[in-house]
There are 2 protein chains.
Amino acid sequence: MNSLHPLRMTQQRRVILDELRNLTSHPTADELHLLVRKRLPKISISTLYRNLEILSASGLVRKMDVAGQRKRFDATTSKHYHIRCDKCGRVDDVHMDLIPTIEEIARSACRYESVSHRVEFTGICPHCAEDEPFERRDEL
Amino acid sequence: MNSLHPLRMTQQRRVILDELRNLTSHPTADELHLLVRKRLPKISISTLYRNLEILSASGLVRKMDVAGQRKRFDATTSKHYHIRCDKCGRVDDVHMDLIPTIEEIARSACRYESVSHRVEFTGICPHCAEDEPFERRDEL
DNA sequence: CTAGGTGCAAACACTTTGCATCGGG
DNA sequence: CCCGATGCAAAGTGTTTGCACCTAG
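Bear in mind the structure is a predicted one, so any value in this text is a computation, not a measurement.

Ile102, Ala106 and Cys110 of chain B are the residues of helix H4 (residues 101-110) of chain B that are buried. Seen end-on, H4 of chain B carries its buried residues on one side only, within an arc spanning 50 degrees. Residues of H4 of chain B that are buried in the fold lie against strand E3 (81-85), strand E4 (91-94) and strand E5 (113-124) of chain A together with strand E5 (113-124) of chain B. Positive backbone phi, approximately 70 degrees, marks Arg111 of chain B, located one or two places after H4 of chain B.

Here is the structure:
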């Protein structure tokens, strides 16, 4: 988790972290880039990727590899499940207890070691459910 | 699930499906490409991608969007959880009961509709655990 | 000062697409 | 026959990297 060299707090890194902490959403690197650019117009997308990677390695940020989607980032370090909207792609926290017991079940079922788990919910978010009662946005 | 036009069973499509059914693993498109090429040397990777997409849309194949990894495919249509090896990336089935009740819990916890879920286990597969008891393959 | 960070552009890995041609039903 | 399927190359998408310059400590 902690690297040998303490993090150098550059302006860019500070603003990225600050903007991420002001959000309850789970932005992708380029969504966050748009926000950060309002304060640091010249910041490049690679700085976002590099810092989000470094910050998540140092435990200040949580990186979410969403199945089949782009990475999302989150300044909350506590573990929780997420739900993704099938329509608009937004990701929200799910406030429910984790079920760590299933790791033990899985471990004995498949002979893997050091088993951890993630649960990924998907569904239709309240906003999209309202917009599209007939559930056919893309297919038209 | 079913399209209006019945599937045209081309040689390529038949071989792709056949090879996939002969596997218990969950190959990526290009892993399967290598296998299929032994029987159809001229088949292109785009044909693999196109067919795997079509076959999964028609329910003959299951497409797995693994978080942060490339897509994998599976000829088993029944639902089950998977576990991925953190070292080598292989994906195995986990033979345990699904926990559909958590969908209801999540639904009431976050106001989404049509909630479904997937559980993704990760760990160290038996083979890698044997190879690397000290668990530091990449970092050297 | 100097190692680590930055911006830029280019490379990358994976997947999709445009198009002329092929072939299954 | 004709429309969906194919092979090829080219374009996309999201992310990472090489490099010269910059800056926090």
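Before going further, it helps to spend a moment on the pattern of salt bridges. Counting across every chain of the model gives 22 salt bridges over all chains. For Arg107 of chain A, the salt bridge identified is with Glu104 of chain A, shortest N-O distance 3.2 Å. Taken together, the positions of Arg107 of chain A and Glu104 of chain A, both in helix H4 (residues 101-110) and three residues apart, correspond to about one turn of that helix. For Arg107 of chain A, a relative accessible area of 39% puts it in the partly exposed group. Glu104 of chain A gets classed as partly exposed once you look at its relative accessible area, which sits at 43%. Across the pair Asp30 of chain B and Arg70 of chain B runs a salt bridge whose closest N-O atoms are separated by 2.4 Å. Pair noted here: Asp30 of chain B is in helix H2 (residues 29-37) and Arg70 of chain B is in the loop between strand E1 (62-64) and strand E2 (72-74), with a separation of 40 residues, a long-range link. Connected via shared salt-bridge partners are Arg84, Arg118 and Glu120 of chain A together with Arg84, Arg118 and Glu120 of chain B.

Residue and element names in this part refer to chain A. Counted by the stated rule, this structure contains two aromatic pairs over all chains. A centroid spacing of 6.3 Å and a plane angle of 65 degrees characterise the contact between Tyr81 and Phe121, whose relative ring orientation is edge-to-face. Here the residue Tyr81 occupies a position in strand E3, and Phe121 occupies one in strand E5, the gap between them amounting to 40 residues. Neither residue differs from the other here; Tyr81 and Phe121 are each classed as buried.

Let us look at the nonpolar core. Ranked by size, the top nonpolar core spans 33 residues in total, and within it Val94 and Phe121 of chain A together with Val94 and Phe121 of chain B carry the most contacts. Listed by contribution, the elements that provide at least two residues to this core are E3, H4, E5 and helix H5 (126-131) of chain A together with strand E3 (81-85), H4, E5 and helix H5 (126-131) of chain B.

This part takes up the interface of chain A and chain B. Each side of the interface is counted separately: chain A has 38 residues, and chain B has 38 residues. Overall, the association of chain A and chain B removes approximately 2800 Å² of surface from exposure, summing both partners, and the carbon and sulfur fraction of that is 66%. Of all residues in chain A, Tyr112, Arg118 and Phe121 of chain A give up the largest surface area on contact with chain B, accounting jointly for 21% of the area buried on that side. Connecting chain A to chain B are two salt bridges. Remark: the boundary between chain A and chain B carries eight residue pairs in polar contact (both at pLDDT 80 or more). Elements with a minimum of two residues in the side of chain A that touches chain B: E3, E4, H4, E5 and H5 of chain A. Here the side of chain A that touches chain B takes 12 residues from E5 of chain A, the largest share from any one element.

The positions UniProt marks with the feature "binding site: Fe cation" (unreviewed entry) are His117 of chain A. For His117 of chain A, the location among the structural elements is in strand E5. For His117 of chain A, the residues in contact, after removing those within four places along its chain, are Tyr81, Ile99, Pro100, Ile102 and Glu103 of chain A together with Val119, Glu120 and Phe121 of chain B. One polar contact links His117 of chain A to Tyr81 of chain A, side chain to side chain, over a distance of 2.7 Å.

On to the domain arrangement of chain A, then. Residue and element names in this part refer to chain A. If you check the domain split of chain A, you get domain 1 (1-75) and domain 2 (79-133). When each unit is reduced to the centre of its C-alpha atoms, the spacing between domain 1 and domain 2 is 22 Å. Across the boundary between the two partners, domain 1 contributes nine residues, which contact 10 residues of domain 2. Counting each side, the surface lost to burial between domain 1 and domain 2 is near 780 Å², with a carbon and sulfur contribution of 48%. Summed over the shared surface of domain 1 and domain 2, the result is zero salt bridges. Our enumeration of links across domain 1 and domain 2 arrives at six residue pairs in polar contact (both at pLDDT 80 or more). Going through the elements one at a time, strand E1 (62-64) and strand E2 (72-74) are the ones with two or more residues in the side of domain 1 that touches domain 2.

In this section: the protein's contact with DNA strand D. As a structural note, the neighbourhood of DNA strand D is formed by 18 residues, with Tyr49 of chain A together with Thr10, Gln12, Thr47 and Arg50 of chain B the closest of them. The sugar-phosphate portion of DNA strand D accounts for 65% of its atoms within 4 Å of the protein, the bases making up the rest. One nitrogen or oxygen atom from the side chain of Thr47 of chain B is found 2.5 Å from a phosphate oxygen belonging to DNA strand D. Those elements that provide at least two residues to the surface near DNA strand D are helix H3 (45-57) of chain A together with helix H1 (11-21) and helix H3 (45-57) of chain B.

Basis of the calculations
- Residues numbered from 1 in each chain as written.
- Chains lettered and ligands numbered in written order.
- Predicted model: local features only at pLDDT ≥ 70, side-chain atom pairs only at ≥ 80, totals over all residues.
- Heavy atoms only, no water.
- Buried < 20%, exposed > 50% of the residue type's maximum accessible area, 1.4 Å probe, protein only.
- Helix = DSSP H or I, 4+ residues; strand = E, 2+ residues; numbered from the N terminus.
- Arc of directions from axis to C-beta.
- Contact = heavy atoms within 4.5 Å.
- Salt bridge = Lys/Arg side-chain N within 4 Å of Asp/Glu carboxyl O.
- Phe/Tyr/Trp six-rings, centres within 6.5 Å; stacked < 30°, edge-to-face > 60°.
- Core = buried A, V, L, I, M, F, W, Y, C linked by side-chain atoms within 4.5 Å.
- Buried area = accessible area lost by both parts, 1.4 Å probe.
- Polar contact = N/O pair within 3.5 Å; in protein donor to acceptor, adjacent residues only side chain to side chain.
- UniProt positions renumbered as here; feature names shortened; annotations may be inferred.
- Domains from an automatic or database assignment.
- Near = heavy atom within 4 Å.

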